[in-house]
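Next come the chains, spelled out residue by residue.
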Amino acid sequence: MKIKKRYGKHGGYLPHCVDRDITLRIKKEEANNPEYYIRVDDKFFILNEALITDSYKHIGFFIYGLLLFITILRLGAGKEINFFLSFIFFLIGSLSIFYYHNHPKKELILDRMNGMITFPNYFYFKPFTMPFEDCLVAWSVKSSASSPTAPMLSLLHPNGFTSTDVMGADILEDWCFMNWYMDKNRPLPPGTAFDEYRLQDFERRKAEGFPKPLFPGTFHTPERTPSQHRQRKEIGGW
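Residues numbered from 1 in each chain as written. Predicted model: local features only at pLDDT ≥ 70, side-chain atom pairs only at ≥ 80, totals over all residues. Heavy atoms only, no water.

Draft legend 1. Structural view of the packing of aromatic side chains. Across all of its chains, the model carries 11 aromatic pairs by this definition. When the centroid spacing of 6.2 Å and the interplanar angle of 25° are considered together, the rings of Phe177 and Tyr181 count as stacked. Of this pair, Phe177 and Tyr181 are both found in helix 5 (residues 171-182), four residues apart, which corresponds to roughly one turn of the helix. Given the relative accessible area of 0%, Tyr181 is considered buried. Centre to centre, the rings of Tyr181 and Phe194 are 5.8 Å apart; their planes meet at 35°, and the pair counts as tilted. Linking Tyr181 in helix 5 with Phe194 in the loop between helix 5 and helix 6 (198-207), this pair joins segments that are 13 residues apart in sequence. Taking the relative accessible area as the measure of exposure, Phe194 reaches 0% and is therefore buried. Here the aromatic cluster, defined as three or more aromatic residues joined through ring pairs, consists of Tyr36, Tyr37, Phe45, Phe177, Tyr181 and Phe194. If you follow Arg112 out to its NZ or CZ, it ends over the ring of Tyr181, 5.6 Å from the centre. (Phe/Tyr/Trp six-rings, centres within 6.5 Å; stacked < 30°, edge-to-face > 60°. Helix = DSSP H or I, 4+ residues; strand = E, 2+ residues; numbered from the N terminus. Buried < 20%, exposed > 50% of the residue type's maximum accessible area, 1.4 Å probe, protein only. Lys NZ or Arg CZ within 6 Å of the ring centre and 35° of its normal.)

Spelled out as structure tokens, the structure:
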């Protein structure tokens, strides 16, 4: 109830805003995991959203192994091989492995400088790229067997009907982080993953005259104060 009261809904979708109290904080050691974080710096934040897609490879090899096991078992028992079923198994396994190696990249790309977001589409369809400020976001819950899955941050497709789930299950943390990162007029989000880029990002904003933040937030941007101009190294602001 507190979350709904604080954030509410914006036309049925989460509003673009920044909250330092609940923003996701990414550690440097986490960002060094190339299987999940592809790039994390002051220009791009690229996340691997193909972790589920990777399972297609394992499914394909499992089906191959199962087919081989059944074949050996039937031959050992002196029984005939059902070539139709064997072909179906082989086809499913081959398609799974083919999809794993040839599917479009499943990445969430935040282009901070240009204010653009790219996120995956379904299957072989091309990913979507659009201005971040135009991105509509809600949360989705999928049915899984007898119980629903955990809520996920869901990005609406331009068709207005389908959507893509991204990041983890910490909806508000992930969304606040995305807004903070994509607001190039603010300091980089908290978290040691961005520490080595903070000074150069500060110098860029200083050269631009410290423009106002692009998205509303629950706190002021400290670099706009005279004391912050004098103290260049104090660039975190949280």
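Draft legend 2. Layout of the sheet that holds strand 5 (residues 128-131). The strand order across the open sheet formed by five strands is 1-2-3-4-5, and the pairing between neighbours is antiparallel. What marks the edges here is a single partner per strand, and that holds for strand 1 (37-40) and strand 5. Going across the sheet, the axis of each strand differs from the next one's by a mean of 10°, ignoring polarity. The pairing of strand 3 (residues 107-111) with strand 4 (residues 116-119) spans three bridges and is antiparallel. If you follow Asp111 over to strand 4, its bridge partner there is Met116. (Pairing = 2+ DSSP bridges. Axes fitted to C-alpha atoms, helices over the stretch in contact; angles between N-to-C directions.)

Draft legend 3. Layout of helix 5. An ideal rise of 1.5 Å per residue puts 16 Å on 12 residues; helix 5 measures up with 17 Å between its terminal C-alpha atoms. With 11 of 12 residues buried, helix 5 lies mostly within the body of the structure. Turning to helix 5, its buried residues number three or more, namely Ile171, Leu172, Asp174, Trp175, Cys176, Phe177, Met178, Asn179, Trp180, Tyr181 and Met182. (Expected span 1.5 Å × (residues − 1).)

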